[in-house]
Amino acid sequence: MNSFAISLKIPPLLSLSPPPSAKLLNPNFSPFFLHTRILRATSRRFFGAVGVSLRTISTMENDKEIIGSQKQQIAKLFEESLRAAFPDIPDVQPLVAICNDPKHGDYQCNNAMSLWNKIKGKGTQFKGPQPVGKAIIENLPASEMIENCSIAGPGFVNIVLARQWIAKSLQKMLIDGIEIWAPKLPVKRTVVDFSSPNIAKEMHVGHLRSTIIGDTLARMLEFSNVDVLRRNHVGDWGTQFGMLIEFLYEKFPNWEAGSAPAIGDLEVFYKASKQRFDNDAEFKERAQKAVVSLQGGDEKYRMAWAQICEISRKEFQKVYERLGVHLEEKGESFYNPYIPKALEMLNEKGLIEESEGARVIFIEGKKIPLIVVKRDGGFNYASTDLTALWYRLNEEKADWMIYVTDVGQREHFEMAAKRAGWLPPNENDYPKASHVGFGLVLGEDGKRFRTRSTEVVKLVDLLDDAKKRCKAALEERGKTKDWTAEELEQTAEAVGYGAVKYADLKNNRLTNYTFNFDQMLSDKGNTAVYLLYAHARICSIIRKSGKDIEELKKSAAIDLAHPDERMLGLHLLQFAEIVEDACTNLSPHLVCEYLYNISEDFTKFYTNCQVVGSAEETSRLLLCEATAVVMRKCFYLLGITPVYKI
C-alpha cells in the first residue's frame, strides 16, 4: 500500500456527474468570498457601546437600486449619511470594513475619528468623535438591509445586518444565479500574460505556478465581467533558434524533402545543440547569423523554425489539457513586425542612444541600460517586451496588463514605457502594468524541486503521478466494483489535478512552498481533497432528503433563526467584496482561504442544526444548496473540477 493510499481516508469522492436538479452546476457559475477572519482589520479597543436603533421602513425594491458588493451597498448608505450630516466637508469617502469582533456587529463605519479631527476647534456643535458617530447613524437613509447600529469607542459605528435581508439575498442568488454577485471593477479589458514557456524546452514544475496562478486570475477577472485576453507569450524568437535551426540542418540536411525530422525528444535535441553552441566557436557564429536571417524573414529558416515550434506546441498542449487551461498564443515572433515602429517612436522621444555598437535606453537609477537592438542588428527580449506592451495598449486597448512571469528586466521596460508616456507616472492610474511575482516550488530538502537525477521535474509527469496516486487509492477502497472505468478515471483526474493546483494556490504567491504529495492528497486539513469531500457531503444531504431543490427555490424561503445559520449566510453574502479584493490585489490564495473557512462554517452549522427531518428542513436545504453553489464557483475560479457523490 502506498503512502497516499494510507493517508487518503475519504469515503471515496466520487462521481463527477452533477445531480439532475443541479441547474447551477454549470462551470460559468462562481462563488468567491472570504471568511470574516481574513478581512478583519487591526484589532481595536472597544469601549461601552451606545445603542441606536435604525428605522427599517424601506423595501427591498429601494435597495435593489444599490448595486455592487454587500460592503459597497453599506458604503453607499453611509455616503448619503455623511453628505447629509456634514455637508460642509466635501468628498468624504465612507470607511466601511468587516467588524473586528462579531459580537459587536457585522460591519463597521470608521469615519468618526477622522471627521472629528477635521472639525474640532472650528466652532462645531459636536463635542467629540462619539457624537459624530451618532450623527452619522441618525442621518442614515432607511433600509431593510440594516437591523441596527451602535456606537463604540471613539465613534466607531458598528452595523448589524438584518437576517431577513441576508436570507432574501441568498434566495435571490439561488433563483437568479451567482453572477448577480459579480463585483464591478474599474477596468474593461485586461491582458493576463502567463505560463510563457520557451519553445524546444519541456514545461517543468517551474512553470506550474505561472500557469495556474495566471489561469485563476483570468477566471476571477472573467467572472467580474472583464474582457480578459489570455496570452501565452512563448519564447519562440530568441538566440536559441539560430542554434536549433543550424543543428537541425546539420543533423538532417535534407529534412525538407521528407516528413518531419526524427528529432525525437526535443529537450535532448536542445541540450545537444546547446552543447555544440557553447563549445564550437564556428557553429556559434553561424547560429548567431541564423537568428538575424530568421528575424529578417528568410524562408528557409522560417520553415525550420515553424517545424520546431509545432513539435513544442504539441508537448505544451498535453500539460494545458490536464490542467484545463486555455490560452491564446502570441509569442515573441508575433511582435517582430511591430518592433521597428515601436523603436522609432521611442527614438523620436529621444530615449534611444548608441552605446558600444548597440542601441540602448538608459534608465535612471539602473547601472546597466536596456538594450533594444544588439550589436549585430538583431532584436532581443527587451525590444520584444516593449513592443508587446505598446501593442497591448494601442492595438488591443487593454486597461491593465498583468504579467505572471519571472522576467528580470520587467521593471526596466516599464520605466522606459513611462518615460515614453505610454504608461502614466502614477502606478495606481490606468492603464497600468502589474508584475505578479511568485516564489519557488521546493523539494523535501528545501531546495528547488527536482528529480533524484537532479533534473527539473517535467510538469506532465508530475500531474500524471498525482492522478495515478489518486486512482490507486480509489481502487484500494473498492471503487472498481461500484464505478465504471470512466468514472474512476475522471474522479482520479479531478482529485489528483485539483490537489496539485490547490496546494500551490492556497499559499501567498510570493512565498516558496514545499511540494509534498502525501500532504496535498490528504483528506485532513486545508487540502483540495478535504474540500471536495465537504462539497460532496453537502450534495449527499440534499439527495437524501428526497426533495426537489429546484422546486424548493420557488416555493420555500430561507429563515436564518439559528446563530450558526445566520453566520453561514452572512459569510456567503460577502462574496462580491472578496472577489473584488482578490482581483484588486492579484491574490488567489484569498479564494482558497475563504473556501476552507466556509466549509468549516458549514460543518459548525450542520453539527448544531439538524437538516433532514427537522421542522426547518426546507429552509436548511436551501442554505445547503447556497453553500454548495458558492463552493462550486470557488472550485471553478481555482480551476478545480468538483465531485458530487461520496
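For the protein chain, an unreviewed UniProt entry supplies the name arginine--tRNA ligase and the organism Solanum commersonii. According to the UniProt record, the Function (unreviewed entry) comment for the protein chain is "Forms part of a macromolecular complex that catalyzes the attachment of specific amino acids to cognate tRNAs during protein synthesis." Per UniProt, the comment on the protein chain under Sequence similarities (unreviewed entry) is "Belongs to the class-I aminoacyl-tRNA synthetase family."

Draft legend 1. Up close: unusual backbone geometry. At the junction of Tyr430 and Pro431, the peptide bond is cis and its omega measures out at 0° in the coordinates. Along the chain, the position of Pro431 falls in the loop between helix 15 (410-419) and strand 13 (432-435). Positive phi outside glycine occurs at Ala200, with the angle close to 75°. Position of Ala200 relative to the elements: it lies in the loop between strand 6 (189-194) and helix 8 (208-223). A positive phi angle, near 65°, is found at Asn225, a position not held by glycine. Mapped onto the fold, Asn225 is located in the loop between helix 8 and strand 7 (227-232). On the accessibility criterion, Asn225 (57% relative accessible area) is exposed.

Draft legend 2. Quick peek at the packing of aromatic side chains. Scanning the entire structure with this criterion turns up 17 aromatic pairs. The rings of Phe334, Tyr335, Tyr338 and Tyr391 are connected pair by pair, giving a single aromatic cluster. Sitting above the plane of the Tyr636 ring, Arg219 keeps its charged end 4.7 Å from the centroid. The lysine or arginine in question, Lys300, covers the ring of Tyr301, its NZ or CZ lying 5.7 Å from the ring centre.

Draft legend 3. Focus on the pairing of strand 4 (residues 146-152). Burial of strand 4 is extensive: five of the seven residues sit out of reach of the surface. In the sheet, strand 4 pairs with strand 5 (residues 156-161) via six bridges, with the strands oriented antiparallel. Bridged to Asn148 within strand 5 is Val160. Connecting strand 4 to the next strand, strand 5, in antiparallel fashion are three residues, including Gly153 with a positive phi near 55°.

Draft legend 4. Local environment of the pattern of salt bridges. In the structure shown here, the tally under the stated rule is 43 salt bridges. With its nearest N and O atoms 3.4 Å apart, the salt bridge here joins Asp465 to Arg469. Placement of both Asp465 and Arg469 in helix 16 (residues 459-476) is noted, with a separation of four residues, approximately one turn of the helix. On the accessibility criterion, Asp465 (26% relative accessible area) is partly exposed. A salt bridge links Lys554 to Glu551, with the nearest nitrogen and oxygen atoms 3.9 Å apart. Of this pair, Lys554 and Glu551 both sit in helix 21 (residues 549-555), three residues apart, roughly one helical turn. Relative accessible area serves as the criterion here: at 43%, Glu551 is assigned to the partly exposed category. Salt bridges sharing partners connect three or more residues here, namely Glu246, Glu250, Arg276, Asp280, Glu282 and Arg286.

The rules we used
- Residues numbered from 1 in each chain as written.
- Predicted model: local features only at pLDDT ≥ 70, side-chain atom pairs only at ≥ 80, totals over all residues.
- Heavy atoms only, no water.
- UniProt positions renumbered as here; feature names shortened; annotations may be inferred.
- Helix = DSSP H or I, 4+ residues; strand = E, 2+ residues; numbered from the N terminus.
- Buried < 20%, exposed > 50% of the residue type's maximum accessible area, 1.4 Å probe, protein only.
- Phe/Tyr/Trp six-rings, centres within 6.5 Å; stacked < 30°, edge-to-face > 60°.
- Lys NZ or Arg CZ within 6 Å of the ring centre and 35° of its normal.
- Pairing = 2+ DSSP bridges.
- Salt bridge = Lys/Arg side-chain N within 4 Å of Asp/Glu carboxyl O.

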